[in-house]
Amino acid sequence: MIKRIRKKIVLKIAAILVIIVTLSVVFSIYFFLNAKDRKLERLIEESKSSILKFATLAYARPMWVLDNNTVKGLNIAMLKNPQVKAVNVYDGETFYSGFYSVKRKGILQHLELKSPYSISDSGKEDYLYRASAPIINEDKKIGKIEIILSYQELEKDVIDSMWMNILSLAVIALMMVLVVFLGASKLIIKPVLNLAETLKNIAKREDYAMRLHARSDDEVGELYDGFNSMMETVQNREKERDAAEYELSTTKDLMLNVINSMPSMLVSIDEDGIVTQWNQTAEIFTGVQFQDAIGKNLWQLVPGLRKYRAYVEDMIADAESRVFYRENLFPELEGYQNLSLFPLS
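Residues numbered from 1 in each chain as written. Predicted model: local features only at pLDDT ≥ 70, side-chain atom pairs only at ≥ 80, totals over all residues. Heavy atoms only, no water.

1. Quick notes on the pattern of salt bridges
Point 1. A full pass over the atoms with the stated rule returns eleven salt bridges.
Point 2. K141 is the salt-bridge partner of E93, the closest N and O atoms lying 3.7 Å from each other. Here E93, found in the loop between β1 (84–91) and β2 (94–104), pairs with K141, found in strand β5 (residues 140–150); they are 48 residues apart in sequence, far enough to count as distant.
Point 3. Here R322 ties to D318 by a salt bridge, and the two come within 2.8 Å at their closest N and O atoms.
Point 4. Exposure remark for D318: the relative accessible area of 35% places this residue in the partly exposed category.
Point 5. Here the salt bridges share partners, and the residues they tie into one network are E238, R241, D242 and E245. (Salt bridge = Lys/Arg side-chain N within 4 Å of Asp/Glu carboxyl O. Helix = DSSP H or I, 4+ residues; strand = E, 2+ residues; numbered from the N terminus. Buried < 20%, exposed > 50% of the residue type's maximum accessible area, 1.4 Å probe, protein only.)

2. Here we look at the pairing of β2
Point 1. Here β1 runs beside β2; their pairing, made up of six bridges, is antiparallel. Bridge assignment links A86 to a residue of β2, and that residue is Y100.
Point 2. If you look at the hairpin formed by β1 and β2, you'll find two residues sitting between the two strands, and G92 has a positive phi there, around 70°.
Point 3. Alignment of β2 against strand β3 (residues 107–112), held across six bridges, turns out to be antiparallel. In the sheet register, V102 faces β3, and the bridge partner there is Q109.
Point 4. The antiparallel hairpin formed by β2 and β3 contains two residues in its connecting segment, where K105 sits at a positive phi of about 55°. (Pairing = 2+ DSSP bridges.)

3. As for the layout of surface pockets
Point 1. One number sums up the size of the largest pocket: a volume of about 920 Å³.
Point 2. Lining the largest pocket are 32 residues, with V267, L339, S340, L341 and F342 sitting closest to its centre.
Point 3. At five residues, strand β9 (residues 337–341) tops the list of elements feeding residues into the lining of the largest pocket.
Point 4. Of the residues in the lining of the largest pocket, the class split is 22 nonpolar, eight polar and two charged. (1 Å grid on protein atoms, 1.4 Å probe; cavity = no way out; pocket = protein on both sides within 12 Å on 5 of 7 lines; lining within 4 Å. Points joined across faces, edges and corners; volume = space filled by probe spheres on them. Nonpolar A, V, L, I, M, F, W, Y, C, P; charged D, E, K, R; others polar.)

4. A word on the confidence of the model for the protein
Point 1. Summing up the model confidence of the protein, the mean pLDDT is 80 and the portion of residues at 70 or higher is 86%.
Point 2. Ranking the elements of the protein by mean pLDDT puts helix α3 (residues 152–205) last with 73 and β1 first with 91. (pLDDT = per-residue confidence, 0-100.)

Structure follows, in structure tokens:
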């Protein structure tokens with residue numbers, strides 16, 4: 001029984017803790033999914049701002065002197081950033097130079113542009129966006145740089161980071177659940193099983209003096225105190241019952257001694273004539289022993305008393321005693337006997 005109780009308690013606690021972990025993970029997924037777009041938008045703005053700031057500073061001097069080789073080198077350097085897909089450089093409002101990245105047979109290549117790169121050229125407008133900034137040299141606008149950026153890598157990084165955070169939270173929640181489970185096992189399951197084991201031993205041994213020792217003042221300690229108080233009440237009532245039974249047994253023995261020491265024959269019957277009391281004098285007069293008389297019908301047991309059956313029934317009906325003097329109850333015995341009939345309430 002104890003093993004079955006332990007199994008049920010463990011399964012219930014485990015189910016509750018699993019539900020808690022599941023809810024924690026679901027809540028985390030919901031929270032991070034709602035925060036994903038905001039974080040991605042913020043990262044896109046930060047990335048765009050930093051790339052354009054670098055580009056406007058780097059291109060200012062080469063574009064002032066129209067150093068084509070340096071501009072091309074800067075274009076290729078810009079494409080080293082995985083977020084940059086293409087670069088368009090303008091001299092004033094006229095396209096001057098440009099490069100774009102493309103993968104061919106798994107190899108990333110940087111190709112020069114003859115005309116400005118357009119987002120529609122990629123066929124992946126969902127992940128691309130355009131950012132531009134003026135090229136300033138000595139407080140004078142000398143051109144413009146236009147960068148085609150992809151947020152696909154940023155989104156992948158954000159999603160990877162989100163799942164890592166969710167996994168971390170799940171691991172933390174699982175560890176907390178394990179700690180709670182072990183704590184519950186020590187603080188709740190073990191005391192409850194101890195209580196069940198004690199109840200089992202009490203029922204088996206009928207030892208109401210057994211007590212539980214509380215080791216804390218928490219709810220379990222209060223439960224143990226309540227159990228001990230209940231057992232003390234049961235034990236006191238058990239003592240009172242034993243005392244009452246002993247007193248009753250003593251009184252019964254005393255009454256039997258008195259009845260058996262009487263010189264008169266004393267027989268008691270119920271309304272059906274069944275013998276309920278038969279003293280030693282009755283054994284002497286009838287020759288029937290106590291154990292052979294109890295539970296038997298008096299009129300069949302002592303045929304000589306049958307003629308008084310109607311008087312006994314009348315006595316029971318009107319609850320009035322009857323007395324017969326000088327009756328020859330037992331012809332085989334010498335002399336006469338007096339017969340008294342008394343109703344018992």
